[in-house]
Amino acid sequence: EASFCSTSNEFYPPILPHYIDVCYASEFDAGCDENLENVYGDLCPLKEHPTPDTFTSCVEKSKLLQFIRSYYDSNSGFIDIPQYFSNGRESYESWCNDACTALQQRSDMVLKVLKEATTLNGGSATDSPLDDYTVYKLQYKSCSSQCTT
């Protein structure tokens, strides 16, 4: 499979050490380095951990994994939980609004960078290709309209 049949949303405590071992053994084939970096990269950059044991040890100290492990243990194993809850939020609305705000901030940043780059290259800021900006604005509009239940 494209990612060893796993995504960054499936890093439950019993699976994670094995997944890390597989990633290292495969020399991070199938995008598993991206999955690990997306979830734990801020806390445990892969570059700083030459072995699966050092990376696993770092990850196991993270608040995210401790939260997931606690929830997993308190429910006697695997159960489905909403993504907002696994991100430490009490409600979908709060999680969704923050996600939409992040999209809006990204949109504003992309527009600023596009305008600066265009101006630096001798064009006017209104000549810049706004495809990326338009995409983020549409994502934000779509996102924010879905934040109420």
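Residues numbered from 1 in each chain as written. Predicted model: local features only at pLDDT ≥ 70, side-chain atom pairs only at ≥ 80, totals over all residues. Heavy atoms only, no water.

Trainee: Please clarify how the packing of aromatic side chains should be interpreted in this entry.
Mentor: Following the criterion strictly, the structure yields three aromatic pairs and no others. Residues Tyr 92 and Trp 95 carry aromatic rings whose centres are separated by 5.9 Å and whose planes lie at 50° to one another, so their mutual orientation is tilted. Here Trp 95 and Tyr 92 lie together in helix 6 (residues 92-120), a separation of three residues that amounts to about one turn. One aromatic cluster is present, formed by Tyr 24, Phe 28 and Phe 55 through successive ring pairs. (Phe/Tyr/Trp six-rings, centres within 6.5 Å; stacked < 30°, edge-to-face > 60°. Helix = DSSP H or I, 4+ residues; strand = E, 2+ residues; numbered from the N terminus.)

Trainee: Any chance you could explain helix 4 (residues 63-74) here in plain terms?
Mentor: Side chains of residues three or four places apart in an α-helix project in the same direction, reflecting 3.6 residues per turn. In a regular helix each residue adds 1.5 Å, so 12 residues correspond to 16 Å; helix 4 covers 16 Å between its end C-alpha atoms and thus fits that length. The set of residues buried in helix 4 consists of Leu 65, Ile 68 and Tyr 72. For helix 4, the angular spread of the buried residues around the axis is 65°, confining them to a single face. Facing away from the buried side of helix 4 by over 90 degrees, the exposed positions are Lys 63 and Ser 74. (Expected span 1.5 Å × (residues − 1). Buried < 20%, exposed > 50% of the residue type's maximum accessible area, 1.4 Å probe, protein only. Arc of directions from axis to C-beta.)

Trainee: What exactly am I supposed to notice about unusual backbone geometry here?
Mentor: Glycine aside, the phi torsion of most residues is negative, and most peptide linkages are trans. Notably, Phe 28 is not glycine yet its phi reads approximately 60°, a positive angle. The topology assignment puts Phe 28 in the loop between helix 1 (16-25) and helix 2 (32-40). Although it is not a glycine, Ala 30 adopts a positive phi angle of roughly 60°.

Trainee: I tried to follow the nonpolar core on my own but got confused; where do I start?
Mentor: Among soluble globular proteins, nonpolar side chains are generally buried collectively. Within the largest apolar cluster, 14 residues are counted, with the highest numbers of intra-cluster contacts made by Leu 16, Ile 20, Leu 36, Tyr 40, Phe 55 and Val 59. Elements with a minimum of two residues in this core: helix 1, helix 2 and helix 3 (52-60). When residues in this core are grouped by element, the largest group, five residues, is from helix 1. Among the nonpolar cores identified, the runner-up in size contains five residues, and Cys 96, Cys 100, Cys 143 and Cys 147 belong to it. (Core = buried A, V, L, I, M, F, W, Y, C linked by side-chain atoms within 4.5 Å.)

Trainee: How should I be thinking about the state of the cysteines in this particular structure?
Mentor: Cysteine pairs can be linked by a disulfide, which is a covalent bond between their two sulfur atoms. The tally for this structure, following the rule as stated, stands at two disulfides. Here Cys 44 is linked by a disulfide to Cys 58, with a sulfur-sulfur distance of 2.0 Å. A torsion of -90° about the S-S bond marks the disulfide between Cys 44 and Cys 58 as left-handed. Taken together, the positions of Cys 44 in the loop between helix 2 and helix 3 and Cys 58 in helix 3 put the pair 14 residues apart, joining distant regions of the chain. Side by side, Cys 44 and Cys 58 carry an identical accessibility label, which is buried. (Disulfide = S-S within 2.5 Å.)

Trainee: Hey, could you run me through the environment of Asn 35 in this one?
Mentor: Looking at where Asn 35 falls in the secondary structure, it is placed in helix 2. Residue Asn 35 is classed as buried on the basis of its relative accessible area of 12%. Expressed as a C-alpha distance, the spacing of Asn 35 and Cys 23, which sit 12 residues apart in the sequence, is 9.9 Å.

Trainee: I would appreciate a short explanation of the layout of surface pockets in the present structure.
Mentor: Using a probe with the size of a water molecule, rolled over the atoms, empty space left in the structure can be pinpointed. As a volume, the second largest pocket reaches approximately 230 Å³. If one sorts the elements of the lining of the second largest pocket by residue count, helix 6 sits on top with three residues. Residue composition of the lining of the second largest pocket, grouped by class: two nonpolar, three polar and two charged. (1 Å grid on protein atoms, 1.4 Å probe; cavity = no way out; pocket = protein on both sides within 12 Å on 5 of 7 lines; lining within 4 Å. Points joined across faces, edges and corners; volume = space filled by probe spheres on them. Nonpolar A, V, L, I, M, F, W, Y, C, P; charged D, E, K, R; others polar.)

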